[in-house]
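Overview (structure and organization)
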Amino acid sequence: MSAPLLLWVILLHWATGGGFVLGGRTWQHCTDLRPLDILSEVVPADRLARGMRVFQVQGVRGFQLAASRPHALGFPASRLFIHCDRFPEEFSIIVTLRVLSVPAKRNEYVFTLMAEESPSVLVGLCYAPDKLHFLFWSQERTGGWQTRVTFPNVSLSDNQWHTLILAVSGQSFSLTVDCSIPKDVVVETPFPASLSVKRASFYLGNRRRRKGVFTVLLDLLSILLLLLSQGLLRQLVLLPGADATPRICTAMNFKVATLSVPAVLQDLPLKPASNEVLKYPYETDTKVTLGSRPPCTKQEKAQFWFNTSQRGLYLCNGSAWISMLEELMLTPARENIWCRAAAVKQRLDYVEEYQNLVTNSETMGVEVFTIPKVGLFAATANRYTPPGSAIYKWTDGKFVPYQNIPTYQAQSWKYFTIGKKIFLAVANFEQNDRGQEFSVIYKWSRKKKKFITYQRITTHSARDWEAFVIEGEAFLAVVNHREGNNHNIDSVIYRWNPRTGLFETNQTIPTSGAYDWEFFTIGPYSFLAVANTFNGTSTKIYSHIYIWLSGSFQLFQSILTFGAADWEVFHIGDRVFLAVANSHSYDSGMPAPSNFYAINSSIYELNITAQMFVKFQDLLTYSALDWEFFSVGDDSFLVVANSFDGFTFSVNSIIYRWQGYEGFVAAHHLPTVGCRDWEAFHTAEGSYLLYSSAKEPLSKVLKLKTT
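What counts, and where the lines are drawn
- Each chain carries its own residue numbering, running from 1 in the written order of its sequence.
- In view of the model being predicted, local features appear only for residues whose pLDDT reaches at least 70, and side-chain atom pairs are presented and counted only at 80 or more, with totals across whole chains, interfaces and linings using the full set of residues.
- The basis for the side-chain values is all heavy atoms of the structure; hydrogens and waters are excluded.
- Where helices and strands are cited, they refer to DSSP runs of H or I of at least four residues and of E of at least two residues respectively, numbered from the N terminus.
- Exposure classes here rest on a 1.4 Å probe applied to the protein chains alone. A residue is buried below 20% of its type maximum, exposed above 50%, and partly exposed in between.
- Contacts: residue pairs with any heavy atoms within 4.5 Å of one another.
- Computed with a 1.4 Å probe, the accessible areas rest on the Shrake-Rupley method; for each residue, only the protein chains presented here act as cover.
- Only a pair of cysteine sulfur atoms within 2.5 Å qualifies as a disulfide here.
- Strands qualify as paired when DSSP identifies two bridges or more between them.
- Lines fitted to C-alpha atoms define the axes, with helix axes restricted to the stretch in contact, and inter-axis angles between N-to-C directions lie between 0 and 180 degrees.
- Salt bridges are counted wherever a side-chain nitrogen of Lys or Arg sits within 4 Å of a carboxyl oxygen of Asp or Glu.
- We define a nonpolar core as any set of buried Ala, Val, Leu, Ile, Met, Phe, Trp, Tyr and Cys residues linked to one another through side-chain atoms lying within 4.5 Å.
- Identification of polar contacts relies on pairs of N or O atoms within 3.5 Å, with a donor-acceptor requirement for protein atoms, meaning one able to donate a hydrogen and the other able to accept it, and with residues adjacent in sequence counted only if both atoms are side-chain atoms.
- Under the pairing criterion, centres of Phe, Tyr and Trp rings, with the six-membered ring standing for Trp, must be within 6.5 Å; the plane angle then separates stacked pairs below 30 degrees from edge-to-face pairs above 60, leaving the rest tilted.
- pLDDT measures the predictor's confidence residue by residue and takes values from 0 up to 100.

Turning next to the overall build of the chain. When its secondary structure is counted, the chain shows 4 helices and 53 strands. The buried share among the 707 residues of the chain stands at 53%. Taking as baseline every contact in the chain between residues at least 6 positions apart, the subset at least 24 positions apart corresponds to 51%. With an accessible surface of roughly 32,600 Å², the chain has 52% of that area assigned to carbon and sulfur atoms.

Scanning the model with the defined rule gives 1 disulfide in all. Cys179 shares a disulfide with Cys249; S-S distance 2.0 Å. Looking along the S-S bond of the Cys179-Cys249 disulfide, the torsion reads about -95 degrees, which is the left-handed sense. Residue Cys179 is found in the loop between strand E14 (172–177) and strand E15 (183–186), and its partner Cys249 is found in the loop between helix H4 (245–248) and strand E19 (283–284); the two are separated by 70 residues along the sequence. For Cys249, a relative accessible area of 24% translates into the label partly exposed.

The next subject is the sheet that holds strand E53 (residues 698–706). Pairing is antiparallel in the open sheet, where 4 strands are placed in the order E26-E53-E52-E51. Every other strand in the sheet has two partners, leaving strand E26 (348–358) and strand E51 (675–683) as the edge strands with one partner each. Between one strand axis and the next, the sheet turns by 25 degrees as a mean value, whatever way the strands run. Inspection of the sheet shows E51 paired to strand E52 (residues 686–693) by 8 bridges, in the antiparallel sense. Across the sheet, the residue bridging to Cys675 is Ser693, located in E52.

For the coordinates displayed, the defined rule picks out 9 salt bridges. Here Glu466 makes a salt bridge to Lys414, at a shortest N to O gap of 3.4 Å. Here Lys414 lies in strand E31 (residues 410–418) and Glu466 lies in strand E35 (residues 462–470), a separation of 52 residues in the sequence. Each member of the pair, Glu466 as well as Lys414, is classed as buried. Here Lys615 and Asp618 are joined by a salt bridge, their closest N and O atoms 3.5 Å apart.

Formed by 55 residues in total, the largest nonpolar core has its most connected members in Phe87, Phe134, Phe191 and Phe202. Among the elements that take part in this core, strand E8 (residues 90–99) stands out by supplying 5 residues, more than any other. Aside from chain neighbours lying at most four places away, what touches Phe191 is Phe87, Pro88, Glu89, Phe91, Val123, Phe134, Phe136, Val168, Gly170 and Phe173.

With that out of the way, let us pick up unusual backbone geometry. Of note, the amide linkage connecting Thr385 to Pro386 takes the cis form, showing an omega dihedral of -10 degrees. Positionally, Pro386 belongs in the loop between strand E28 (375–382) and strand E29 (389–395). We note that Asp396 has phi near 50 degrees; this positive angle belongs to a residue other than glycine. Secondary-structure assignment places Asp396 in the loop between E29 and strand E30 (398–405).

So, on to the environment of Trp413. Tracing the chain through its elements places Trp413 in strand E31. The buried category is assigned to Trp413, whose relative accessible area is 3%. Considering only alpha carbons, one finds Trp413 and Ala378, 35 residues apart in sequence, at a separation of 9.6 Å. Once you skip the residues sitting within four places of it in the chain, Trp413 turns out to touch Glu367, Ala379, Thr380, Ala381, Ser389, Ile405, Thr407, Leu424, Ala425, Val426 and Tyr442. A polar contact of 3.0 Å, which involves the side chain of Trp413, links it to the backbone oxygen of Thr380.

Turning next to the environment of Pro510. Within the element layout of this structure, Pro510 appears in strand E38 (residues 502–512). The sequence separation of Pro510 and Ser491 amounts to 19 residues, and the corresponding C-alpha distance is 6.2 Å. Filtering out sequence-adjacent residues up to four positions away, Pro510 remains in contact with Ile489, Asp490 and Tyr546.

With that settled, consider the sheet that holds strand E40 (residues 525–531). Reading across the sheet, the 4 strands line up as E39-E40-E41-E42 and stay open at both edges, with antiparallel pairing between neighbours. Each edge of the open sheet carries a strand with a single partner, namely strand E39 (516–522) and strand E42 (552–562). Sheet twist, expressed as the average angle between the axes of neighbouring strands with direction ignored, equals 20 degrees.

On to the packing of aromatic side chains, then. The final tally for this structure, using the stated rule, is 59 aromatic pairs. On the basis of an interplanar angle of 15 degrees and a centroid distance of 6.2 Å, the ring pair of Tyr354 and Trp394 is categorised as stacked. Within this pair, whereas Tyr354 is found in strand E26, its partner Trp394 is found in strand E29, the two being separated by 40 residues in sequence. Classification of Tyr354 by relative accessible area gives partly exposed; the value is 24%.

Further remarks concern the side chain of Ser602. Note that Ser602 resides in strand E45 (residues 598–607). Judged by its relative accessible area of 4%, Ser602 is buried. For Ser602, the side chain forms a polar contact with the side chain of Asp618, separated by 2.5 Å. With sequence-adjacent residues up to four places away left out, Ser602 is seen in contact with Leu578, Ala579, Val580, Asn582, Lys615, Gln617 and Asp618.

On to the pairing of E42, then. If a strand is regular, its side chains alternate between the two faces of the sheet. Sheet topology note: the strand E41 (residues 540–549)/E42 ladder contains 10 bridges and is antiparallel. For Leu549, the partnering residue across the bridge sits in E42 and is Ser552.

For Asn582, the location among the structural elements is in strand E44 (residues 575–582). Residue class for Asn582 comes out buried when judged on its relative accessible area of 2%. Among the polar contacts made by the side chain of Asn582, one reaches the main-chain amide nitrogen of Phe562 at a distance of 3.0 Å. Residues within four places of Asn582 in sequence aside, it is in contact with Thr561, Phe562, Gly563, Ala564, Ile599, Asn600, Ser601, Ser602, Thr621, Ser623 and Ala624.

Scored by pLDDT, the chain has a mean of 82; 79% of the residues are at 70 or more. Contacts from residues 1–29, a stretch scored under 50 in pLDDT, to residues over four places away or in other chains number 22 contacts. Of the regions scoring below 50 in pLDDT, residues 325–344 engages in 43 contacts with residues more than four places distant in sequence or in other chains.

Structure, rendered in structure tokens:
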């Protein structure tokens, strides 16, 4: 064969992929540009390796690495470098991971490449709380030399997915995080041109020993509870000979941009073929907290939360955390320790009658409050004078009479403080003996240990007081129900004047037969909701929510209500709710309904996007006059004051339990007579509910029995 023909045959063989052969190996694959998926090499074809679990977080799957033996998550480098035993001189490393936390002053290894029986890291990638390190071994120097290339100000511990691209070429090292502006570093020692990987192995998450294990994925808490992962690894790819940034940074979501991902982490079919069981079951993310409750929304649905302070495991159903266990016993791998995790939170079992509280007369409202260093009190707003209304003190586990105060068909009490001053305001519905119509503010006398008259304010059939503070200033708002037969009158907001020490008129707001004020804040904003009941012809009228802007309350939203008697604002997690108690449906211009009093009361939820409250749930009530929100352990409840069903005042009031996406579900039915008001309170002995009766001189204390 002629020399030109021989040369042509050799070139053709090389061009068609044959490559030159030397000692049984080809030179071609040392410069092959195909991606080498390190992560996929750890996953067997038909199952997960020991110490690996699949979790899905924010719609993206990743591996949790929790092997007690580092070799379980390692493999020989020869499985990747089939035809060549040298590490590429130029390459990119692509990593997609999610990190929750990094222990201070500690390096966390993503992967290492190590030679057998040598403690030296040939190639490695690790990070600290605010930096990333790339390690390599330079064998060109006498005895070898470990070089560390550090990229400062790289923070990954934010519980989000991130994709890192590390491009290496000689003395130049470039790091791109989530396809942002690259961070470039030039070092004195270049990456070796010929780094041997003979008899070397890759290790995921460690450097071939338990100390320094990738705690982004394995933390001490996982010894207590294996479900508690600190983070996930989704992609780990070596791309020889090229900067991978142009190939990666084309996706819409840069944080989870993909070059090569193991099949187990790719999207699974919506439905397995026939009756086939999914080959790679995956789990959801687990949140770990020292007592504070993480958000539970649709984004966190099916995730777990381990409350280490109360030692309970919970599952997010899309709106609320559901307890998953009462007691759990675990044995950590390779540890001769038994750990006990018990859920010690209280759960409401049943409600029992605890005390019959005989009152001066029928009770329209009740206020429970605590005076520091004095004790727990309850003030009842009683119908008749004499004897007026009473204040009771909690003594030896019972309420006992403490002080009588002259009132005139009192409707409600409001306890509040201004600085060190302690006040109690009563809303009087009728005139006094002199024909004067006043509601009165009383001040606590530390010397006399009693409330004494402080300020009288002219009101008109007052129903309710509300006290609040805005920007350091104290306010007091009164609900005026009617003046004579006119229900459409102004209710008044008073501002505290620290110079005179008195409340002075600040703003008037038109109301219609109003019953109740409810003040609440959302972030930096202050709101005041009024329950309008009757405009002279109809109870089907709008109640209003006002927002504080530029020194006064301005209309924020109007909601159609039916004889609204009460607003109750409450929070469940990060969600804000507002419940209205509708008392009856009456319109002089419309045919009478079959029952004026069997009517839905409604719960509204704040929609941040729409910037308004939208209806969340309707609950059938019977002339509802009050809502009271309370919690037992991690469970949330609403109790309604049902007063009249159209036939009798002996009507069950109901405790509703929060059930997440189901909303509130009836849990306990409580026999009541003309129930007007509920108050929840706690003592060292337990949790209680106090209800007042507007139809008999007897209120009742109920004890919440928990297990």
